[in-house]
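Spelled out from the first residue to the last, the chains are:
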Amino acid sequence: MPRGARFAAAMAAVTRRLPFGLSRVVAPSLLGYLLINLCTFCLDLTLLAVFHGGLKWPLPVAVTLSYGSASAVSYVLNRVLNFRSHGALGRQLPVFAAVSASNYLVFVLGLTDALAAVGVYYELARVIAALCEAVYLYAMMRWVVFRDARRSAAARAAQLERATHVSPYN
């Protein structure tokens, strides 16, 4: 079984076991997104602490480099493992770049700088901005950037159904 399929199967298995009826409303891709992006957010914060806290680079420069690095890792992992997209990179990458740029300007740089300017610690400001960006990025990845994955997921499900369906007439 390919890595992406194992990851998707694991997310589906965990999602099925969610309590309080959450299994009916939480998509496996949301759980996968949260897991992947929690890891890349940790990468983002680690790089931010090194660039701004350790190297004393200006906050906008540190945020830009840490976010850009984490964003690239997130794109690759979500494309391969979570959404299992096979769409053309030439079409997806510019869309993802536009989504990332808008997210960066509004949430990452804008909200982080605004909160830090009013006295919120830069790490906490980045966490608050990340909560806002998580909603935006998941929606954009699921329904805009990796929209081909929904069609291919439906095709995979239909193929699996055909392969496992046993006719009583055989």
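Quantities reported herein were computed from a predicted structural model and do not represent experimental measurements.

**A few points about the environment of Thr15**
Turning to step 1, where the next piece is worked out: Structurally, Thr15 can be placed in helix H1 (residues 3–16).
Turning to step 2, where the next piece is worked out: Here Thr15 falls in the buried class, since its relative accessible area comes to 3%.
Turning to step 3, where the next piece is worked out: Considering only alpha carbons, one finds Thr15 and Leu31, 16 residues apart in sequence, at a separation of 7.2 Å.
Turning to step 4, where the next piece is worked out: Ignoring any residue separated from it by four or fewer positions in sequence, one finds Thr15 in contact with Ser23, Val26, Ala27, Pro28 and Leu31.
Turning to step 5, where the next piece is worked out: Separated by 2.6 Å, the side chain of Thr15 and the backbone oxygen of Met11 make a polar contact.

**Overview of unusual backbone geometry**
Turning to step 1, where the next piece is worked out: Positive phi values are uncommon outside glycine, yet Phe20 reaches one of about 60°.
Turning to step 2, where the next piece is worked out: Relative to the elements of secondary structure, Phe20 occurs in the loop between H1 and helix H2 (28–54).
Turning to step 3, where the next piece is worked out: Assessed through its relative accessible area of 81%, Phe20 is described here as exposed.
Turning to step 4, where the next piece is worked out: Not every positive phi belongs to a glycine, and Lys56 is a case in point at roughly 65°.
Turning to step 5, where the next piece is worked out: One can find Lys56 in the loop between H2 and helix H3 (59–82).
Turning to step 6, where the next piece is worked out: Judged by its relative accessible area of 63%, Lys56 falls in the exposed class.

**Some points on helix H5 (residues 122–145)**
Turning to step 1, where the next piece is worked out: Along its 24 residues, H5 runs just 30 Å from first to last C-alpha, ending more than 12% under the 34 Å computed at 1.5 Å per residue.
Turning to step 2, where the next piece is worked out: The largest bend along H5 measures about 30° and falls at Glu133.
Turning to step 3, where the next piece is worked out: Tyr122, Ala125, Arg126, Ala129, Ala130, Glu133, Leu137, Tyr138, Met141 and Val145 are the residues of H5 that are buried.

**Looking at H2**
Turning to step 1, where the next piece is worked out: Taking 1.5 Å per residue, 27 residues should reach 39 Å; H2 reaches 38 Å between its end C-alpha atoms and fits that length.
Turning to step 2, where the next piece is worked out: Listed as buried for H2 are Ser29, Gly32, Tyr33, Ile36, Asn37, Thr40, Phe41, Asp44, Leu47, Leu48 and Phe51.
Turning to step 3, where the next piece is worked out: Just downstream of H2, Lys56 is the residue with a positive phi angle, here 65°.

**Structural notes on the state of the cysteines**
By definition, a disulfide is the covalent link that joins the sulfur atoms of two cysteine residues.
Turning to step 1, where the next piece is worked out: For the structure shown, the criterion picks out zero disulfides.
Turning to step 2, where the next piece is worked out: Free of any disulfide, Cys42 has its nearest neighbouring cysteine sulfur in Cys39, separated by 6.5 Å.

**Quick word on the pattern of salt bridges**
Turning to step 1, where the next piece is worked out: All told, the structure shown has two salt bridges when counted by the stated rule.
Turning to step 2, where the next piece is worked out: For Asp44, the salt bridge is made with Arg126, and the minimal N-O distance between the two is 2.6 Å. Taken together, the positions of Asp44 in helix H2 and Arg126 in helix H5 put the pair 82 residues apart, joining distant regions of the chain.
Turning to step 3, where the next piece is worked out: By relative accessible area, which is 2% here, Asp44 ends up buried.
Turning to step 4, where the next piece is worked out: Ionic pairing is found between Arg126 and Glu133, a salt bridge with its closest N-O pair at 2.9 Å. You'll find Arg126 and Glu133 in the same group, each marked buried.

**Some words on a nonpolar patch on the surface**
Turning to step 1, where the next piece is worked out: On the surface, a nonpolar cluster with roughly 400 Å² of combined accessible area is contributed by Val50, Leu55, Trp57, Val61 and Leu65.
Turning to step 2, where the next piece is worked out: For Leu65, the position within the fold is in helix H3.
Turning to step 3, where the next piece is worked out: By relative accessible area, which is 39% here, Leu65 ends up partly exposed.

**Notes on the packing of H3 against H5**
Turning to step 1, where the next piece is worked out: It is the contact of H3 with H5, at a shortest axis distance of 13 Å, that shows an interaxial angle of 35°. Judged by the twist between their axes, the crossing of H3 over H5 is right-handed. In this structure, H3 uses Leu59, Tyr67, Ser74, Tyr75 and Asn78 to contact H5, whose residues at the interface are Tyr122, Arg126, Glu133, Leu137, Met141 and Val145.
Turning to step 2, where the next piece is worked out: Of the residues belonging to the contact of H3 with H5, the class tally is seven nonpolar, two polar and two charged.

How each quantity is defined
Residues numbered from 1 in each chain as written. Predicted model: local features only at pLDDT ≥ 70, side-chain atom pairs only at ≥ 80, totals over all residues. Heavy atoms only, no water. Helix = DSSP H or I, 4+ residues; strand = E, 2+ residues; numbered from the N terminus. Buried < 20%, exposed > 50% of the residue type's maximum accessible area, 1.4 Å probe, protein only. Contact = heavy atoms within 4.5 Å. Polar contact = N/O pair within 3.5 Å; in protein donor to acceptor, adjacent residues only side chain to side chain. Expected span 1.5 Å × (residues − 1). Bend = angle between axes of the 7 residues up to and from the residue. Disulfide = S-S within 2.5 Å. Salt bridge = Lys/Arg side-chain N within 4 Å of Asp/Glu carboxyl O. Patch = residues over 30% accessible without salt bridge, like charges linked within 9 Å, V, L, I, M, F, W, Y side chains within 5 Å. Areas by Shrake-Rupley, 256 points an atom, 1.4 Å probe, with all protein chains shown as cover. Axes fitted to C-alpha atoms, helices over the stretch in contact; angles between N-to-C directions. Left-handed = near helix turned anticlockwise from the far one by under 90°. Nonpolar A, V, L, I, M, F, W, Y, C, P; charged D, E, K, R; others polar.

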